[in-house]
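Here is how the chains run, residue by residue.
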Amino acid sequence: MSTLDRHSSDPVGSPAAELRIQRYSPDHLAPPVGAYSHLATVTGAARWVFISGQVGANPAGDVPADVAAQTRHTLRNIEALIAAAGGTPQSIVRLMTFLVGQENMVAYAEARNEILSEWFPAGDLPGHSLAIVSALAQPQLLVEIEGWIALPHPA
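Computed from a prediction, not measured in an experiment: that's the story for all the values here.

Peer 1: Help me get a handle on the environment of Ser-117, residues and values and all.
Peer 2: Residue position: Ser-117 is located in helix H2 (residues 105–119). By relative accessible area, which is 43% here, Ser-117 ends up partly exposed.

Shown next as structure tokens:
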């Protein structure tokens, strides 16, 4: 199997959709150091959706105190936004995470990996960058995640 075919996803949307998201990490590079693929390509007619930074707040604005719960809730918020746009998590091309404090990395990664393994059971993970920051917009926030989503055009 060629490097480019190592982690290919099925077409996004209906079986007849032309849109395809392909995720892979070339063999000639070191493997990813986390839960992501080095490359993600989108071919076909795509409708791009950009998700602004999401946090672990529920609809009432309540935020759990721990980073693992915030991470799970943040990713579920992203999942709900993708559904509202007509897609599924498999539509994710790239994520960007802002995490407060290196000390939160292990709990964050465990919660993130739990959700990503549910969304991407074949291991064809989207691109993902992570920045450790000193603070977010509100003091109780420990994680913020934004996303780039590729969806087929509505029929």
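What follows picks up the thread again.
Peer 1: Quick one: what's the story with the sheet that holds strand E3 (residues 47–54), residue by residue and with numbers?
Peer 2: Strand order in this open sheet of 4 strands is E3-E6-E4-E5, and the pairing throughout is mixed. Pairing within the sheet leaves two strands with one partner each, and these edge strands are E3 and strand E5 (127–133). Mean inter-strand twist for the sheet, computed between neighbouring axes without regard to direction, equals 10°. Here strand E4 (residues 92–100) runs beside E5; their pairing, made up of 7 bridges, is parallel. Pairing of Leu-99 across the sheet is with Ile-132, part of E5.

Peer 1: Pulling in residues and values, what's your account of the pairing of strand E6 (residues 143–151)?
Peer 2: Sheet topology places E3 next to E6; 6 bridges connect them, and they run antiparallel. Counted as the bridge partner of Arg-47 is Leu-151 from E6. Pairing between E4 and E6: 7 bridges, direction antiparallel. What sits directly across from Leu-99, in E6, is Val-143.

Peer 1: Pulling in residues and values, what's your account of the packing of aromatic side chains?
Peer 2: Taken as a whole, this structure holds 1 aromatic pair when the rule is applied. Ring centres of Trp-48 and Phe-50 lie 6.3 Å apart, and the angle between their planes is 20°; this geometry places the pair in the stacked category. Here Trp-48 falls in the partly exposed class, since its relative accessible area comes to 39%. Lying over the aromatic face of Trp-148, Arg-94 brings its terminal NZ or CZ to 4.7 Å of the ring centre.

Peer 1: Tell me about H2, and name the residues and values.
Peer 2: Along its 15 residues, H2 runs 21 Å from first to last C-alpha, staying within 8% of the 21 Å computed at 1.5 Å per residue. Three or more residues of H2 are buried, namely Tyr-108, Ala-109, Ala-111, Arg-112, Ile-115, Leu-116 and Trp-119.

Peer 1: Would you mind going over the pattern of salt bridges in detail, with residue names and values included?
Peer 2: Evaluation of the coordinates by the stated rule reveals 3 salt bridges. The shortest N-O distance in the salt bridge between Glu-114 and Arg-72 comes to 3.2 Å. Separated by 42 residues along the polypeptide, Glu-114 in helix H2 and Arg-72 in helix H1 (residues 67–84) bring together distant segments of the chain. Assessed through its relative accessible area of 39%, Glu-114 is described here as partly exposed. Note that Arg-76 and Glu-79 form a salt bridge whose closest N and O atoms lie 2.9 Å from each other. With Arg-76 and Glu-79 both in helix H1 and 3 residues apart, this pair spans about one turn of that helix. Arg-76 gets classed as partly exposed once you look at its relative accessible area, which sits at 31%. A relative accessible area of 23% means that Glu-79 is categorised as partly exposed. Through salt bridges with shared partners, one network takes in Arg-76, Glu-79 and Glu-118.

Rules used throughout
Residues numbered from 1 in each chain as written. Predicted model: local features only at pLDDT ≥ 70, side-chain atom pairs only at ≥ 80, totals over all residues. Heavy atoms only, no water. Helix = DSSP H or I, 4+ residues; strand = E, 2+ residues; numbered from the N terminus. Buried < 20%, exposed > 50% of the residue type's maximum accessible area, 1.4 Å probe, protein only. Pairing = 2+ DSSP bridges. Axes fitted to C-alpha atoms, helices over the stretch in contact; angles between N-to-C directions. Phe/Tyr/Trp six-rings, centres within 6.5 Å; stacked < 30°, edge-to-face > 60°. Lys NZ or Arg CZ within 6 Å of the ring centre and 35° of its normal. Expected span 1.5 Å × (residues − 1). Salt bridge = Lys/Arg side-chain N within 4 Å of Asp/Glu carboxyl O.

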